[in-house]
Amino acid sequence: MSQSIRWLAFGLLLAACAATAQTAPDTTLTPEQKTSRYLDSVRHQPSLLLAFLRDLPKGADLHNHLGGAIYAESLINFAAQNGQCVDRVTARLLRTTCDSCEKYTNKPAVKCAFQDQLLYNTMVDAWSMRNWHAAEESGHDHFFGTFDKFFPAFDQHIGDALAEVVAHAAADHLQYVELMHTADDMQAAQLGAKVGWDNNLGKLRDKLMAAGLSDIVSATRKQLDQDEGTMRQLLKCKTPDADPGCSVTLHYLYQVLRGLPKEQVFAQIVLGFELAKVDSRFVGLNLVMPEDAYTPMHDFSLHMQMLGFLHEVSPAVRISLHAGELAPGLVPPEGLRFHIRDSIEKAHAERIGHGVSVMYENEPLELLQDMAKRNVMVEICLTSNDTILGVRGLEHPLPVYVKYGVPVALATDDPGVSRGNMTQEYKRAVETYDLSYADLKRMARASVEHSFLSGKSLWADGKSFHRASACASDGPDTGRFSAPCTALVNDNEKARVEWELECAFAVWERKF
C-alpha cells in the first residue's frame, strides 16, 4: 500500500473522532466522567442499563466458537436449503431420504418445520438453551448435546455463518472478533488417523507433513477464501448498502478437537501451527470440547506436551487454551488441581478460556500472582459458566482475578446456543459485580490489547493504558494526529483496531 493511500485510510478512520474533538469541551466534567455518572444513575434500572450497554464500545470478542455462534433459526434455514431431514423425537439432523410433512412422521424434511410450529419449536429448543429445564436435564448435558444435533446444517453455509457472526458483532459495537473455527473440515484429523501414532513427536510431525498436511493447509486457505467471499457478498461489502459487519475485523483461531484420539489431536495441532505460520487470518489456535470428558481429562498432559513441543519448533505461533472450565463434582478433586497452571507453564498459553476452577488448583494464590506477572489474560464467559457449570455470582472467580491484577475480558463463548450476545455479558457483569464505567472501559481495551492481532500496540503500558510515545499527545479527545502516530496506527493492525476503539469511545462519550 502506498504512503498516500495509508494516509487516506487513516484520515477516513479518524474523521468521526476529529469532528467530535472539535466540540467545545465542558470545563466541569469530562465526557468520560459524565458517561460514568450516567451509568451510576441507571445501573439499577435494567431497561435503561440495557440501552446504555448495547451502545457501549466493547473492543473484541476473543472467545467465540463458530459452531456455537449461530442462532437456531438460521441453522434451520441452512438445513432446509440443504434438503436435510430431522428426527422428530431427538431433533437430530439426518442425511437420508425424508418422510412427508404429515404430522407424526419420524423423519420429516426440515422445511416441513416452516408449516409445523411444534416441530419448529422442538428444533429451536433442542438446538439451544431456549426453554431448557434444569429438572429434566443438566445445563452441561443439554448445552454440549446441541452440537451433534445441528452441526450438519453448516454444510455449504460457512460463509453465511461468518456473515451472521460479524453482523451480530457490529450490532454489539465490537471492533474485532477472534473466531474459533475448524476450518479444514476435519481433513487433518482424517490424515492423523491414517498416519497413526508415534511417541516421537518430531518424527510424527514429519510423517504428517510427508503424508500431505501441506496440501490440507493450501486447501483450507482456499476454502476460507471462498467462505469469506460469500460473507462479503451477503453483507454487500464495498457497496453503498454495506452491512456494518463489513467494518468488523475478523481473524481465526484454528480449533482443535481434543476429544479425538491422540493421533488426530496432534495432526490438528500441527495444522493449526502451520496455518498460523503462512496465513495472517489464522492468528493462533485453541483446544476445544468439554474439558471434563474422558479423553480431554485422560490425555490432558499429553496435549500439553504436544503444544510444548510445537511451541519450541514455532515459538511465534500464539496459543489460547480452554482450561479450568470445571467445577467441584464434575470431575474428581485431582482433576481440578493443575489444568490452568499446566496450560500456561507447559503449553505456553497466553490466554486462558474460562478459568473457573482456578481456586481449586494447587497453590491458587501463587498461580494468580504468576498469571498477573506473566500478563496472562482470562476470557470470562459468565453466561456459559452459569449454564454449563452452575457457577455464578460471588462463586465465580472474576472478582478474584481482578483483585490479583490478572487481566480479564468478557466473551460470549457460544452466543447462538446460549441465545445471548456481548451486551448480555456486560449487563450480567454490571448487575452482578457492580462494575464501574472505568472497569468496563478497561476490559474492552484489554480485550484488544490481549488479542493476537499483529503488530505493535497503541499502548506503551497495556495495564494502565498509557499511549505509546508516538501517540502520547495524540488522540480522539485532542483532535491531534501527528505523523508518528499516523504511522504507528497505519502500519500495525493491533494499533489500528485499538485506535478504532478509542475513536468509538470518544464519539460515544460525547453523547453524555
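Conventions adopted
All residue numbers here refer to positions counted from 1 along the written sequence of the relevant chain. Side-chain atom pairs in this predicted model are given and counted only at pLDDT of 80 or more, local residue features only at pLDDT of at least 70, and totals for whole chains, interfaces and linings cover all residues. By convention in this description, side-chain values take in all heavy atoms of the structure and omit both hydrogens and water. Pairs were defined over the aromatic rings of Phe, Tyr and Trp, the Trp ring being its six-membered one, requiring ring centres within 6.5 Å. Orientation was assigned from the angle between planes: stacked under 30 degrees, edge-to-face over 60, tilted for the rest. Between buried and exposed lies partly exposed: a residue is buried under 20% and exposed over 50% of the maximum accessible area for its type, with that area taken using a 1.4 Å probe on protein chains only. To sit over a ring, a charge needs its Lys NZ or Arg CZ within 6 Å of the ring centre and within 35 degrees of the ring normal. pLDDT is a per-residue confidence score from the predictor, ranging from 0 to 100. Throughout, a contact is declared for two residues whenever any of their heavy atoms are within 4.5 Å. Paired strands, in this sense, are two strands between which DSSP finds at least two bridges. Helix and strand assignments come from DSSP, with helices taken as H or I runs of at least 4 residues and strands as E runs of at least 2, each series counted from the N terminus. Axis lines are fitted to C-alpha atoms, over the contacting stretch for helices. Their N-to-C directions set the angle, which ranges from 0 to 180 degrees. Note on terminology: disulfide denotes any pair of cysteine sulfur atoms within 2.5 Å.

Considering the packing of aromatic side chains
Next up, step 1: Inspection of the entire model under this criterion finds 17 aromatic pairs.
Next up, step 2: With a centroid separation of 6.3 Å and an interplanar angle of 55°, the aromatic rings of phenylalanine 150 and phenylalanine 154 are classed as tilted. With respect to class, phenylalanine 150 is no different from phenylalanine 154; both count as buried.
Next up, step 3: Put simply, the rings of Trp127, Phe143, Phe144, Phe147, Phe150, Phe151 and Phe154 touch in pairs and so form one group of aromatic residues.
Next up, step 4: Its guanidinium or amino end placed over the ring of phenylalanine 452, arginine 351 lies 4.2 Å from that ring's centre, counting from NZ or CZ.

A look at the confidence of the model for the protein chain
Next up, step 1: This prediction gives the protein chain a mean pLDDT of 94; 95% of its residues lie at or above 70.
Next up, step 2: Low confidence marks residues 1-9, where pLDDT is under 50. Its contacts with residues over four positions away, or in another chain, come to six contacts.

Things to note about the sheet that holds strand E10 (residues 408-410)
Sheets are built from strands paired through backbone hydrogen bonds, the pairs being either parallel or antiparallel.
Next up, step 1: Across the sheet, which stays open at both edges, the four strands sit in the order E7-E8-E9-E10 with parallel pairing between neighbours. Looking at strand neighbours, the two that pair on one side only are strand E7 (320-323) and E10, the edges of this open sheet. Going from strand to strand, the sheet's axes swing by 25° on average, the running direction of each strand aside.
Next up, step 2: Bridge analysis of strand E8 (residues 351-354) against strand E9 (residues 377-380) gives three bridges, and the strand direction is parallel. The residue of E9 that forms the bridge with isoleucine 352 is valine 378.

Quick notes on the state of the cysteines
Next up, step 1: Using the criterion set out here, one finds four disulfides in the structure.
Next up, step 2: At a sulfur-sulfur separation of 1.8 Å, the disulfide partner of cysteine 85 is cysteine 98. Residues cysteine 85 and cysteine 98 are joined through a disulfide that is left-handed, its torsion about the S-S bond being -90°. Note that cysteine 85 is positioned in strand E2 (residues 85-86) and cysteine 98 in the loop between strand E3 (93-94) and helix H6 (117-126), a separation of 13 residues in sequence.
Next up, step 3: Relative accessible area serves as the criterion here: at 0%, cysteine 85 is assigned to the buried category.

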